[in-house]
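Per-entry structural report
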Protein chains: 2
Amino acid sequence: MSGNSPTLQNLTNMADVWDAYREELNEVELQVHKNLNSEASLINTISSQIMASGGKRIRPLLLILSAKLCGFIQREYLLLGSLIEYIHTATLLHDDVLDEADIRRGEKTARRIWGNHASILVGDYLYSQAMTQIASFHNHGFNESLADACRKMTEGEVLQLCANSRPEITEPEYLQIVEYKTATLVAASCKIGAAIGEGTPAEQAALSRFGLNLGMAFQLTDDCLDYLADGARLGKTLGKDIRQGMVTLPLLHLFQTCEDDQRQWIKSKVQSRAITDEDLTTIISLMHEHHSLTYATQRAEEYVKAASLDLEPFADGMAKRSLAIVSQYMVNRDQ
Amino acid sequence: MSGNSPTLQNLTNMADVWDAYREELNEVELQVHKNLNSEASLINTISSQIMASGGKRIRPLLLILSAKLCGFIQREYLLLGSLIEYIHTATLLHDDVLDEADIRRGEKTARRIWGNHASILVGDYLYSQAMTQIASFHNHGFNESLADACRKMTEGEVLQLCANSRPEITEPEYLQIVEYKTATLVAASCKIGAAIGEGTPAEQAALSRFGLNLGMAFQLTDDCLDYLADGARLGKTLGKDIRQGMVTLPLLHLFQTCEDDQRQWIKSKVQSRAITDEDLTTIISLMHEHHSLTYATQRAEEYVKAASLDLEPFADGMAKRSLAIVSQYMVNRDQ
């Protein structure tokens, strides 16, 4: 594909990317729903509803783009995009139980409608259905990438559980949690995509790194949005992380830069999990004063920059341009 | 191995079987603990404790015996026995959260000590660690057998969740739940064992059926023990199933045979989940009167008989004799 292809020239934002790969994404969507065919109809009901509840399919998109960047993607391999979305959804179902969350993406959570039992079990089902279906490809690389990502995601969740209400966590410790909890599945999406596209080992490694950097940027941006988000738009509540005892990058920066007595006060609030709206307003003001959100945003942008370096060796074209647009979108989701 | 080997002649009960395969089982045990090497130390702590808490390793034993029945088992493949034990343990961790159980095998449950969060996540970890490690064998048969068993187990759990407090469940529906929830992992243990021993496809299929029948017998015996168990010996509480709204085979039989008003009374009790010790005594008396426990025990014995037929084509020897002893043990665990 040449640089002056009209399609390439018209590719400027996320809407263009979604449009350009609509056919492949529709096939992913078809596979997502086609394989929710359990003999237990409750599984299909819950899975279908949660799978239809507005997930953006960023991971399947990255899989498709990575495959195309290295070569091409045959229709049968688009199923893999849906399996990664199953894994992602399984983690959301379990997370909502762990966080006792009532709302996700502006809708009632599955656990709120069907209860914790059903949410845990349907999460388990989506996970095992993904592992069953990926095994049917008889491709060791696929199996290993997905299983390894799942293991690291769980480790990340446990590391985070241990870090909760423990404000003395260091930035490297925090970044490891982000890598395991969020970035590994994004990396696996890109790596599996590169393997589908029959990329060389070096290309697969480059796209895996690209995905890892992108995943880091995604999570750090999410951390900032938790202190900035417009609840109506993102279906999130301001300060959800800190209210759950989660210390994320903006807060870690604030701890490094604020006065001792302020730090002690915030730490005691985090540990007690008794944060009023007034406390939150004070903490957010301190973050602005100390440029903590700017710091975390800059770190996210550095990861996006690193991701763009991972793409450099690849030839320009639709897929590369699209990946660059997705990268920018990762750090500009509220705009 | 010949029928008149002295070792074979001395093989008469479960203790002899455990002794005969002590070396292999010790290696399984070593692998169980060696691979609990997460970077999240809480995972290792919880996993180690629950893995050390008195599980009998029946499934690894069946894997070893199935491999030896078909041929032999190399040391490196004993790891697979530990992975099946990880999966089994993962289901126990999640079950205990779902059942709000405080005691298992006479000890406090993980969720009671470390909380529901940690129990769900460590369950997820054991599951994904098993899938990661099995993928490293690069054997599609292993991957597919284990992933398929996991998927069916989850479906069985959901079918059971839907059946809970629904006394109109039929016997075939109930047996499907038992097959999915319990028997498939036993079948997978035997099938993977047969594949390790390089059994023919027919031998692998025979051992898979053997495991399925054995798993059915195991669960139906468990159902009866719930109305018979000596709490001190088995670390179980009498009538745990019915108190949780679970209708198992003895109760299904009672519904078929008792008077209409008795059935209505029991059904209302099951649905309300308000079963006093006095109610339970009445229900158990009715079961004895209507031979419901005898019926369920006979069904379990039929499955053991079917399992023994699955073994018929195999040559006699230590492994076959041991599998026969394990089969009998499955329906005589309280003796």
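For the structure itself, consult the block above.
My aim in this report is to walk through the structure given alongside it, one point at a time. All values derive from a computational prediction rather than experimental measurement. (Residues numbered from 1 in each chain as written. Chains lettered and ligands numbered in written order. Predicted model: local features only at pLDDT ≥ 70, side-chain atom pairs only at ≥ 80, totals over all residues.)

**What to know about the overall build of chain A**
- Of the regular secondary structure elements, chain A holds 17 helices and two strands.
- For chain A, the spread of C-alpha atoms along the three principal axes comes to 60 × 50 × 35 Å.
- By the burial criterion, 51% of the 335 residues in chain A qualify as buried.
- For chain A, contacts bridging at least 24 residues in sequence account for 73% of all contacts bridging at least 6. (Helix = DSSP H or I, 4+ residues; strand = E, 2+ residues; numbered from the N terminus. Buried ≥ 20, exposed ≤ 12 C-beta atoms within 10 Å, placed from the backbone. Contact = placed C-beta atoms within 7 Å.)

**Quick look at the relation of the copies chain B and chain A**
- Of the two same-sequence chains, chain B is brought onto chain A (RMSD 0.0 Å, axial shift 0.0 Å) by a rotation of 180 degrees. The transformation just described matches what one would write down for a two-fold rotation axis.
- In this assembly, 100% of the residues forming the interface of chain B have copies in chain A that are likewise at the interface, indicating an isologous arrangement. (Least-squares fit on C-alpha atoms with pLDDT ≥ 70 in both.)

**Brief notes about helix α6 (residues 78-98) of chain A**
- The end-to-end C-alpha separation of α6(A) is 31 Å, in line with the 30 Å expected for 21 residues at 1.5 Å each.
- Most of α6(A) is tucked away, with 19 of its 21 residues classed as buried. (Expected span 1.5 Å × (residues − 1).)

**So, the interface of chain B and chain A**
- Each partner contributes residues to the interface: chain B has 34 residues there, and chain A has 34 residues.
- Counting only elements with at least two residues in the side of chain B that touches chain A, the list comes to α4 (41-51), α6 (78-98), α8 (116-135) and α9 (140-163) of chain B.
- Split by residue class, the side of chain B that touches chain A holds 17 nonpolar, 10 polar and seven charged. (Nonpolar A, V, L, I, M, F, W, Y, C, P; charged D, E, K, R; others polar.)

**Some points on the packing of helix α3 (residues 22-34) of chain B against α6(B)**
Residues and elements named next belong to chain B.
- Contact geometry for α3 and α6: axes closest at 8 Å, N-to-C directions at 60 degrees. Considering the angle they form, α3 stands oblique to α6. Here α3 runs over α6; the crossing is right-handed. In this structure, α3 uses E24, E27, V28, Q31 and V32 to contact α6, whose residues at the interface are L78, L79, G81, S82 and E85.
- When grouped by side-chain class, the residues that make up the contact of α3 with α6 number four nonpolar, three polar and three charged. (Axes fitted to C-alpha atoms, helices over the stretch in contact; angles between N-to-C directions. Parallel < 35°, antiparallel > 145°, perpendicular 65-115°, else oblique. Left-handed = near helix turned anticlockwise from the far one by under 90°.)

**Quick word on the environment of H140(A)**
- Turning to its location among the elements, H140(A) is positioned in helix α8 (residues 140-163).
- Each residue touching H140(A), except ones within four places of it in the same chain, is listed here: A135(B) and H138(B).

**Digging into unusual backbone geometry**
Residue and element names in this part refer to chain B.
- Notably, R273 is not glycine yet its phi reads approximately 60 degrees, a positive angle.
- Inspection of the secondary structure puts R273 in the loop between α15 (260-272) and α16 (277-289).
- A positive phi angle, near 55 degrees, is found at H291, a position not held by glycine.
- Position of H291 relative to the elements: it lies in the loop between α16 and α17 (292-311).
- For H291, a count of 15 C-beta atoms within 10 Å gives the class partly exposed.

**So, helix α13 (residues 249-257) of chain A**
- A large share of α13(A) lies buried, amounting to seven of its nine residues.
- For α13(A), the complete set of buried residues consists of L249(A), P250(A), L251(A), L252(A), H253(A), L254(A) and F255(A).

**Some points on the packing of helix α4 (residues 41-51) of chain A against helix α7 (residues 110-135) of chain A**
Residues and elements named next belong to chain A.
- Two elements in contact, α4 and α7, have axes whose closest approach is 10 Å; the angle formed by their N-to-C orientations is 100 degrees. One finds that α4 runs roughly perpendicular with respect to α7. Only A110, W114, A118, V122, Y125 and L126 of α7 make contact with α4, whose side of the interface consists of L42, I43, I46, S47 and I50.
- Class assignment for the residues of the contact of α4 with α7 results in 10 nonpolar, one polar and no charged.

**Some words on the environment of G106(A)**
Residue and element names in this part refer to chain A.
- By the element assignment, G106 lies in the loop between β1 (103-104) and β2 (107-108).
- Overall, G106 belongs to the partly exposed group, with 13 C-beta atoms counted inside 10 Å.
- Counting along the chain gives 52 residues from G106 to G54, while the straight-line C-alpha distance between them is 9.7 Å.

**Comments concerning the environment of L126(B)**
Residue and element names in this part refer to chain B.
- Tracing the sequence through the fold places L126 in helix α8.
- Sequence separation between L126 and S208 is 82 residues; the distance between their C-alpha atoms is 24 Å.
- Setting aside residues up to four positions removed in sequence, L126 forms contacts with S47, Y86, T89 and A90.

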